[in-house]
Each structure stands twice: as C-alpha cells, then as structure tokens.
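Notes for the structure review
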Amino acid sequence: MTSRATSRSHRVLGALALVGALALTACSSGSGGAGGGDTGDSVAARVHLAGTQIAVGSKEFTEQLILGQITVQALRAAGATVEDRTALVGTPVVRGALLSDQIDMYWEYTGTAWLGPLGNTDPVAGEQAQFDAVKNADAANGITWLAMAGANNAYALAANPDAAREFGVATISDYARLAQQNPTAATLCTAAEFPTRNDGLPAVEKTYGFDLPDADVAVLDFGLVYTSVAAREPCNFAVVFGTDAQVLQNKLVILKDDKQALATYNVAVSMRTQTYAANPDAYNTLFGAIAAALTTERATQLNAKVDIDGETPEDVAKEFLVENRIITG
C-alpha cells in the first residue's frame, strides 16, 4: 500500500539517497541566519526562540517547498537559528532524516504517515481521529505531532462546474444518486491507483451505496485527468488531489465528502519530541497560528501562485506569513 504523498513524489530509498540529499541541501543553504527576531504586532514577535538551533526539512514538490519556507521564515522571525534542509526527495528520505536527528521537523500528511511509515492498511475515519491516531502511534518513535491544519491534500471527487449545475451535484451523496440513476452522466476520470486502493473508489462505493460500472470509469495518465474533466470529455467528474493548483486552473468544483469515506491527509507538524519539549509553548503558538490560516482553499491558492503564476516558494511563503500577521513585512 503506497501513501498519498509518496505517490506524488519520486521515491528515493536507502541510506545513500538520504546522505546525498542532505549533503546537497546543506551545501546549498548552510546554517542560515539567526535573525534578531521579529518586532511589532506579529505572532513571531510574541514567541521567543533566540538561542534555539533547529533544522527544517520538507519534501520536494510545490506544496512542501512552500510549507518548508513558511517554517524557515517564521522560525527565523522568532529568533531561532535555522538550518534549511528543505527539498528532500520523497517521504522515506525526509522521514528518515527526522528519525535519525538530521532534521528536527517537517510538515507531514496524517494519511501518509498512517498508511506509509506507520504501516497501517486502512485509514481512520475523520480528520481529527486520524490525526489523533498518528500522534499517539508516533509518540513511541520520539515524534510529536502538533498544529494540524485544515488543508487536506487528499483524494477528492471533483466536477466540471457545468455538469455540477446540470445534475445538481454538490456532495458525494449527490454523486452517488446520479451514479445509481444515470451512470453515463456520472462518468469518472481517474489515475490508475484510485479504482483499486483501500482508501479509493471501493471505499467511496461502499460508504455511499453505489457501484459505478467499469465502462463509466476512464483510467488516464494523471496529467490528463484535470483537462479531461474540464472539457467534459470523456467525463463529467474526476478524482483529484484536494490542494492541487490544477483544481483552480480548470475551475473544478470539489464535492463535499459528507459521509467521510475518503482517507484524510491533513498537513501537520511532525517534530522530534526532544526538540518540541524544549519550547512547547513557543511551537504551539507559532505553528498553531500558521495552521489556523492554512485551509484547503488557501493551500490551493498558494500552490497556484507557484505552479501557475511562476512565483517562488520563498516569496509565496513570505506573503502568506505577512498577510496573516505571523511575521512583519
């Protein structure tokens, strides 16, 4: 069973990949500046991390690069000396870096940790319940989870907006009704894994009580799914990733998972417990404020600024932090 985030990034396994990735990022970024701490009316100004040294990691795809830079800049504004070790390639590498004390923290997805490194085969229903399960399980590994955001980069069912209006579909319950009554209208475009994985189409069909005929499921290369549903050819509906910039680019409508059939992949901070225990109030305050502002809609917008508008993750991160008064400009 592969995890959601691992399937989006290139897998690099083994110690050589970990050492090489960390060596490259260490050479390119160094230890970073300590900064003097933020001033003024900001969250960072109320958090005191002067004298703290911390290494921040991330994976290599757009959303993770933005989250990594949000973290680096927020910590520096709070006075910490930050080593930027972002852009590690894949879940095994960045998770391995956390477990081997080569980084102190990174933002991980609850479903990814649960179904991947923690070795479970079935998700836990509900965002908070899945977070709690991961937090409890990882405590034995010396990892503390905190600051779960609303941003949920999970599988989602999306609709062409014209089709959504035409067939009156706003929720997956609505979609299930359509699939039962008019399966041809409920045609679904998807990449290869979703029709067969435990947290994919079988879970949706079981929870919502429908069985979409194989003839009405179009399995496409991932890059074609978004454009195909935007053109309504060959489908009116599609399986997408919740915070993907292409959702905005193609003006798709995300259907509400009103019975919580799909696994949740909320982003949250995973941090070495030893690091967290030294300044728990500071980390709760700083990352709690970030998480509160990081909804699925906002994460999608941030990703679009990089993937569609061509901005850098560093600039997008700073804009987000200033906008939410986490740091000053």
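What counts as what
- The numbers attached to residues start from 1 for each chain and follow its sequence in the written order.
- This being a predicted model, a pLDDT of at least 70 is required before a residue's local features are given, and a value of 80 or more before pairs of side-chain atoms are given or counted; all residues contribute to the totals for chains, interfaces and linings.
- The side-chain numbers reported here are obtained from all heavy atoms of the structure, hydrogens and water having been left aside.
- Every helix listed is a DSSP run of H or I at least four residues long, and every strand listed is a run of E at least two residues long, numbered separately from the N terminus.
- In these notes, a set of buried Ala, Val, Leu, Ile, Met, Phe, Trp, Tyr and Cys residues joined through side-chain atoms within 4.5 Å is what counts as a nonpolar core.
- Accessibility here uses a 1.4 Å probe with only protein chains present; expressed as a share of the type maximum, an area under 20% marks a residue as buried, one over 50% as exposed, and anything in between as partly exposed.
- When checking whether two residues touch, look at their non-hydrogen atoms; a contact exists if any pair is within 4.5 Å.
- By this rule, a helix spans an expected 1.5 Å times one less than how many residues it contains.
- Definition used for salt bridges: Asp or Glu carboxyl oxygen within 4 Å of a side-chain nitrogen of Lys or Arg.
- In this description, a disulfide is simply a cysteine sulfur pair whose atoms lie within 2.5 Å.
- Strand pairing is assigned whenever DSSP detects at least two bridges linking the two strands.

Details of the environment of Thr112
By secondary structure assignment, the location of Thr112 is in helix α5 (residues 110-115). Residues Thr112 and Thr264 lie 152 residues apart in sequence; the distance between their C-alpha atoms is 8.9 Å.

Some thoughts on the nonpolar core
Among the nonpolar cores identified, the biggest contains 65 residues, and Leu75, Leu286 and Phe287 are the most heavily contacted of them. Here Leu286 is in contact with Val43, Ala44, Val47, Ala74, Leu75, Ala78 and Ile326, once residues within four sequence places are set aside.

Thoughts on helix α3 (residues 62-77)
With 16 residues, α3 ought to run about 22 Å at 1.5 Å a step, and its terminal C-alpha atoms sit 23 Å apart, in line with that. Buried residues dominate α3, accounting for 14 of its 16 residues. Two residues or fewer past α3, Gly79 is found with a positive phi of approximately 100°.

A few points about the pattern of salt bridges
Scanning all chains against the criterion turns up 13 salt bridges. Between Arg272 and Asp101 there is a salt bridge, with its nearest N and O atoms 2.9 Å apart. Remark: Asp101 occurs in the loop between α4 (91-99) and β3 (105-109) and Arg272 occurs in strand β10 (residues 267-272); sequence separation between them is 171 residues. Judged by its relative accessible area of 13%, Arg272 is buried. The partner of Arg197 in a salt bridge is Asp199, and the shortest N-O contact between them spans 2.5 Å. A single burial state applies to Arg197 and to Asp199, both of which are buried. Residues participating in the shared-partner salt-bridge network are Asp41, Arg46 and Arg325.

Here we look at the state of the cysteines
What the rule picks out here adds up to one disulfide. Between the sulfur atoms of Cys189 and its disulfide partner Cys235 the distance amounts to 2.0 Å. Across the disulfide from Cys189 to Cys235, rotation about the S-S bond amounts to roughly -110°, and the bridge is consequently left-handed. Of this pair, Cys189 sits in strand β6 (residues 188-190) while Cys235 is found in the loop between α10 (222-231) and β8 (237-241), placing the two residues 46 residues apart along the sequence. Each member of the pair, Cys189 together with Cys235, is buried.

Quick look at the pairing of β10
The element β10 is extensively covered by neighbouring structure, given that six of its six residues are classed as buried. Covered by surrounding structure in β10 are Val267, Val269 and Met271 together with Ala268, Ser270 and Arg272, the residues of both alternating faces. By the bridge criterion, five bridges tie β3 to β10 in an arrangement that is antiparallel. Residue pairing in the sheet places Trp107 in a bridge with Val269 of β10. In this structure, strand β4 (residues 143-146) lies alongside β10, joined through four bridges in antiparallel fashion.

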